[in-house]
Amino acid sequence: MSPEGSITRRLLRRVGPLGAILSLTMVGPAVQAATAATAVTLYASPSGAGSACSAAAPCSLSGAQSAVRSHVAANGSADVSVLLADGTYRLSSTWTLGAADSGTAGHPVVWKAAPGAHPVISGASQITGWTQVGSSGVWSAPVPGGSNSRQLYIGGHEVPVAQASPASLGFRGSWTGSSTGYTISADQAAMAWFGSLTASQVAGVEFDYPGGNGPWTESRCRVASFSASAGTLKMSQPCWTDVTARASFAQGSGGLPSMSNSTMPALVENAQALLGSGQWFLDGAGGTLYYKPSAGQPMAGLEVELPRLESLVRGAGTLAAPLHDLTFSGLQFSYATWNAPSTSSGFADVQSNLRMTGANNQSMCTFSTPAGSCPWGSLTQPLANVAFSAAKNVTLTGDRFAELGGAGLSVMYGSANTLIQGNEFTDIASTALLLGCTYDPLPTDSSEAAGIKQNCAPDASAVSGDTIGANEILTGTTVSDNIIHRIGTDYSSASGITLLFSQHTTITRNNLYNLPYTGITAGVVQGHVDQASTPRNSTNINGSNAISDNVIHDYLSVRSDGGAVYVEGHQAQYVYQADGTTIDPAQTLAKGLQVTGNVAYDGPTTNFTYYDDAGSEWVNWQGNIAFSAGASAQGGCSPTGHFWITGNYFSANIQSYPCAQPVDTHASGNTTIPAAPKPSDLPSALLSAAGRGSGSFAPVTTVSPGIFYVSPTTNATQVLVAGEGFGPATPVYVGTTQAGNVTHLSSGFMIVPIPAGTTAGQISVTPQDPSATRLNDTDSRITYSGFSYASGRTFGDYQSDVHYATANGSTASLTFTGTGIQVYGEQFTDQGNVGISIDGGSQQVVSTTPSDGARHANVAVYTSGTLASGTHTIVVTKLSGQYGTLDGFTTRA
């Protein structure tokens, strides 16, 4: 191998500037010369009918689809557009598109929102007809027969299913495990609770195990039955075995651990008896939905959406006759569920929402004894509510994927030249974007063809005639300028973007934040039998992929052992020198994974921000930024090697390989920066080039401006402000005064001049109330009983700390002078009710369980009305839930 310096120089000459790389990878299919084409505009509305599809007489969605097919069949080069009027399009079945719905090269069929409209493609029933159930505070409503859903959405946000912690139910926890489940006879509270349920109710109960199969996982299994005489809970199979007794495999470079069968669940879910404030329960057999409103939440006027469909939109062709030349613009895809985790297979989490659903040696191929299914790593993927397979030249731009129970969007099985640009992905139970399939690392291997058809296409019978080969490789996908936030709401091991096997994939200029686990992952599980000593046990077709100029922050908020960008397995097709046996390192790296120009911050609990883990090889880490980056900015466990780490700006160490050293790794030209960098510590050019809208594309979808990071203000005349939704006209305030001469670098970064004495808390995008004073939870004026202190949780706590209580009746009190007060705390599924009383008055019950099921830190959970000017005392009491959290107060003079 050539010396490092020579290789680096050759690499830079051959790869060229990043802009040149992107200009090549962003190029789509050749567009034919424009010819005189018939322009056809059709119209659809939620109440549409007939076949005219005119502005005066719009069609239904299905009617418009029939009209499109007729026009395209009559004139293949027609420019056909369908304008969707405002409103909700409630699908009775999956919106299915195939080859007959295609346009032609240069003349795609376009489905788009009418000007000013926000059409929603929905797979839910709106639930009305609520009546109160006695005096319990629970309400019920009839639902369509056969209803089955793991999600419920109220007011456009997911609300948690009925659930409680074992401790809050009085369970002692003295359970012993076995290969079939638990013996709970020593826990009389648990015996009584399960004994109060019918057999069918027991079979609906689900246990949640965060971190059970490694800190990056959250497995879930259902109870199968309860025996009062034996004092046992039998757990559903194969879920229980797949969680607690996974087969071992040889030559492992990373563990896929089993959970101890005596592990207590963190939550008990999905029983009507568990209903708490802000929670729901569905009795599908009885045709009834139950909901217990949060304190002060009126049922009148609530928009309640119960998903019926799992597959919302499916665009599927065959390799011989693909779906092609189709555009979706300005649409919202919402309200679908994913019910497979409710089956006996459960959610036996392995990594990044890939799971076992069969034998406990699923996907272990010849590396386990006996051999498991092949190929290696062929785990079961989440269902995507919007999915495309065998599709070419499909564009999704300016769309919104929200309130979805599976993955948001998937693209796989021979799809080519897909453009996913300028969309928003939020409030999604699993991963936002799933690219590729676990079953096709080597589609050129004929022995894998049957498995690919069965698992990578939505209908194996529809593609039975396909010949599988290089034509099945996912290629030419571009994911750019998207917003991805608040995903993994139900399955917290979800990554923002999951990239499996592909070539010429470009993931660039996206903003990913508020993530429970990893930002972008490439090669999940694939490297777990590869490392420096066994580098080629599992090979694949990956090559010429790029992850560039993305902004990733506030990740790993729930799980751990992940990163901003996480890589496993082979990432290049080898290029050999003239002798035919020696790998040409520069040319091979040029075809490897290019991770360049990304900015990652606020991941302090991660072990590696840029993570080259088990079996990873041929990765170019170049020109990236990482601050508040945890233990290491770059490294991993048992990678294969061939890494170049050049020109980066990192606040933590690099080349950290604690498990086993790689074959080779090359670092040069890197700059060490502070964990909390100021503007002069980072090149403005890198910040300006990162994130959505930093290229020539101007996204239509927006989010409200918000600040996530402010550099130290002590002795500073200007600060670096990082966040989301910044535009050229976004104002910045220091207290009540708007700052002047603000430098807007990008949608995520600004440089703001500040006067002497400014604190970070004074900097905001809205003017602050001059009469308000924020008190941290550590303020000496607060008196605690039963509360403990916690710091460094990385959830966004004010001044990075909170006080918390586990015992009901714990109190926090404050005497203050003013005319109003806000109580700050946390909203999460493990929280419950708190009681608020002022000046000894009646206690007001406030729920701190979030309506969307996501964690919200540093939020005002209570705001008083106007109080008489003078001195007052407020008492906050923990009433229910596993935790009660206090993050301080804001008083108003």
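A short tour of the structure in this document, coming up. (Residues numbered from 1 in each chain as written. Predicted model: local features only at pLDDT ≥ 70, side-chain atom pairs only at ≥ 80, totals over all residues. Heavy atoms only, no water.)

Section: the overall build of the chain
Then, in step 1: Helix and strand content of the chain: nine helices and 71 strands.
Then, in step 2: Expected size for 893 residues packed as a compact globule is a radius of gyration near 29 Å; at 28 Å, the chain falls within 12% of this value.
Then, in step 3: Counting only C-alpha atoms, the chain reaches 85 × 65 × 65 Å along its principal axes.
Then, in step 4: Looking at the chain as a whole, 59% of its 893 residues are labelled buried.
Then, in step 5: When contacts within the chain are restricted to residue pairs at least 6 apart in sequence, those whose partners lie at least 24 apart make up 73%.
Then, in step 6: Summing over all exposed atoms, the chain offers an accessible surface of approximately 30,800 Å²; the carbon and sulfur share of this is 52%. (Helix = DSSP H or I, 4+ residues; strand = E, 2+ residues; numbered from the N terminus. Rg over C-alpha atoms; globule rule 2.2 N^0.38 Å. Buried < 20%, exposed > 50% of the residue type's maximum accessible area, 1.4 Å probe, protein only. Contact = heavy atoms within 4.5 Å. Areas by Shrake-Rupley, 256 points an atom, 1.4 Å probe, with all protein chains shown as cover.)

Considering empty space enclosed by the protein
Then, in step 1: All told, the structure shown has one cavity of 30 Å³ or more when counted by the stated rule.
Then, in step 2: Taken as a whole, the largest cavity spans an internal volume of roughly 40 Å³.
Then, in step 3: Leu-256, Met-356, Gln-362, Ser-363, Met-364, Trp-376, Leu-379 and Val-525 together form the lining of the largest cavity.
Then, in step 4: Residue composition of the lining of the largest cavity, by class: six nonpolar, two polar and no charged. (1 Å grid on protein atoms, 1.4 Å probe; cavity = no way out; pocket = protein on both sides within 12 Å on 5 of 7 lines; lining within 4 Å. Points joined across faces, edges and corners; volume = space filled by probe spheres on them. Nonpolar A, V, L, I, M, F, W, Y, C, P; charged D, E, K, R; others polar.)

Regarding the layout of surface pockets
Then, in step 1: The calculated volume of the second largest pocket comes to roughly 570 Å³.
Then, in step 2: Lining the second largest pocket are 26 residues, and of these Pro-382, Leu-383, Ala-384, Asn-455 and Pro-458 sit closest to its centre.
Then, in step 3: Taken together, the elements giving at least two residues each to the lining of the second largest pocket come down to β27 (384-389), β30 (407-412) and α7 (449-456).
Then, in step 4: With four residues, β27 is the single largest residue contributor to the lining of the second largest pocket.
Then, in step 5: For the lining of the second largest pocket, a count of residues per class yields 15 nonpolar, eight polar and three charged.

Things to note about the pattern of salt bridges
Then, in step 1: All told, the structure shown has 13 salt bridges when counted by the stated rule.
Then, in step 2: The shortest N-O distance in the salt bridge between Lys-678 and Asp-681 comes to 3.4 Å.
Then, in step 3: A residue is classified by how much of its surface remains accessible, and Lys-678, at 41% relative accessible area, is partly exposed.
Then, in step 4: Asp-681 gets classed as buried once you look at its relative accessible area, which sits at 18%. (Salt bridge = Lys/Arg side-chain N within 4 Å of Asp/Glu carboxyl O.)

Quick look at the side chain of Gln-421
Then, in step 1: As for its position among the elements, Gln-421 is in strand β31 (residues 419-421).
Then, in step 2: The contact partners of Gln-421, leaving out residues within four places of it in the chain, are Leu-396, Thr-397, Gly-398, Ser-480, Asp-481, Asn-482, Arg-509 and Phe-697.

Examining the state of the cysteines
Then, in step 1: Across all of its chains, the model carries five disulfides by this definition.
Then, in step 2: Shown here is the disulfide that connects Cys-365 with Cys-374, its sulfur atoms set 2.0 Å apart. Its S-S torsion of approximately 95 degrees makes the covalent link between Cys-365 and Cys-374 right-handed.
Then, in step 3: Note that Cys-437 is cross-linked by a disulfide to Cys-456, the S-S spacing being 2.1 Å. Residues Cys-437 and Cys-456 share a disulfide whose torsion about the S-S bond is about -80 degrees; that sign makes it left-handed. You can see Cys-437 sitting in the loop between β33 (433-435) and α7 and its partner Cys-456 sitting in helix α7, a full 19 residues away along the chain. Both residues of the pair, Cys-437 and Cys-456, belong to the buried class.
Then, in step 4: The cystine pairing of the chain, numbering bonded cysteines in sequence order, is 1-2, 3-4, 5-6, 7-8, 9-10. (Disulfide = S-S within 2.5 Å.)

Section: the sheet that holds strand β70 (residues 884-886)
Then, in step 1: Ordered by their spatial adjacency, three strands build an open sheet running β62-β63-β70, and the pairing between neighbours is antiparallel. Two strands close off the open sheet at either side, each with one partner strand: β62 (788-791) and β70. Here the average twist between neighbouring strands, direction ignored, is 35 degrees.
Then, in step 2: Inspection of the sheet shows strand β63 (residues 801-805) paired to β70 by three bridges, in the antiparallel sense. Across the sheet, the residue bridging to Ala-805 is Gly-884, located in β70. (Pairing = 2+ DSSP bridges. Axes fitted to C-alpha atoms, helices over the stretch in contact; angles between N-to-C directions.)

Some remarks on helix α4 (residues 188-195)
Then, in step 1: Residues of α4 that are buried: Ala-190, Met-191, Trp-193 and Phe-194. Buried residues along α4 cover an arc of 165 degrees about the axis, so they all sit on one side. In α4, the exposed residues that point more than 90 degrees away from the buried face are Gln-188 and Ala-192.
Then, in step 2: Turning to α4, the residues buried within the fold contact α5 (199-202), β15 (206-210), β16 (218-227), β17 (232-235) and β18 (267-269). (Arc of directions from axis to C-beta.)

Comments concerning the sheet that holds strand β61 (residues 782-785)
Sheet strands pair by backbone hydrogen bonding; their relative direction is either parallel or antiparallel.
Then, in step 1: The antiparallel open sheet is built from five strands, whose spatial order is β61-β64-β69-β66-β67. Edge positions in the open sheet fall to β61 and β67 (844-847), since each of these has one partner strand only. The mean angle between the axes of side-by-side strands here comes to 25 degrees, regardless of whether they run parallel or antiparallel.
Then, in step 2: Inspection of the sheet shows strand β66 (residues 833-838) paired to β67 by four bridges, in the antiparallel sense. Residue Val-834 lies in a different strand from β67, and its bridge partner there is Val-846.

A closer look at the packing of aromatic side chains
Ring pairs (aromatic) are described by centroid distance and by the angle formed between their planes.
Then, in step 1: What the rule picks out here adds up to 37 aromatic pairs.
Then, in step 2: Here Tyr-804 and Tyr-883 contribute two aromatic rings whose centre-to-centre distance is 6.2 Å and whose plane-to-plane angle is 70 degrees, an arrangement assigned as edge-to-face. Residue Tyr-804 is found in strand β63, and its partner Tyr-883 is found in the loop between β69 (870-878) and β70; the two are separated by 79 residues along the sequence.
Then, in step 3: Three or more aromatic residues link up through ring pairs in this structure, and these residues are Phe-171, Trp-175, Tyr-182, Trp-193, Phe-194, Phe-207, Tyr-209, Phe-226 and Trp-240.
Then, in step 4: One Lys or Arg, Arg-774, reaches over the ring of Tyr-798 and ends 4.0 Å from the middle of that ring.
Then, in step 5: Looking at Arg-774, its charged tip hangs above the ring of Tyr-824, at a distance of 3.7 Å from the centre. (Phe/Tyr/Trp six-rings, centres within 6.5 Å; stacked < 30°, edge-to-face > 60°. Lys NZ or Arg CZ within 6 Å of the ring centre and 35° of its normal.)

Focus on the nonpolar core
Soluble, globular proteins show a tendency: their nonpolar side chains are buried together.
Then, in step 1: Counting 80 residues, the largest nonpolar core has Trp-111 and Ile-121 as its most contacted members.
Then, in step 2: Here this core takes five residues from helix α3 (residues 61-74), the largest share from any one element.
Then, in step 3: One finds Trp-193, Ala-247, Cys-365 and Trp-376 within the second-largest nonpolar core, a separate group that totals 51 residues. (Core = buried A, V, L, I, M, F, W, Y, C linked by side-chain atoms within 4.5 Å.)

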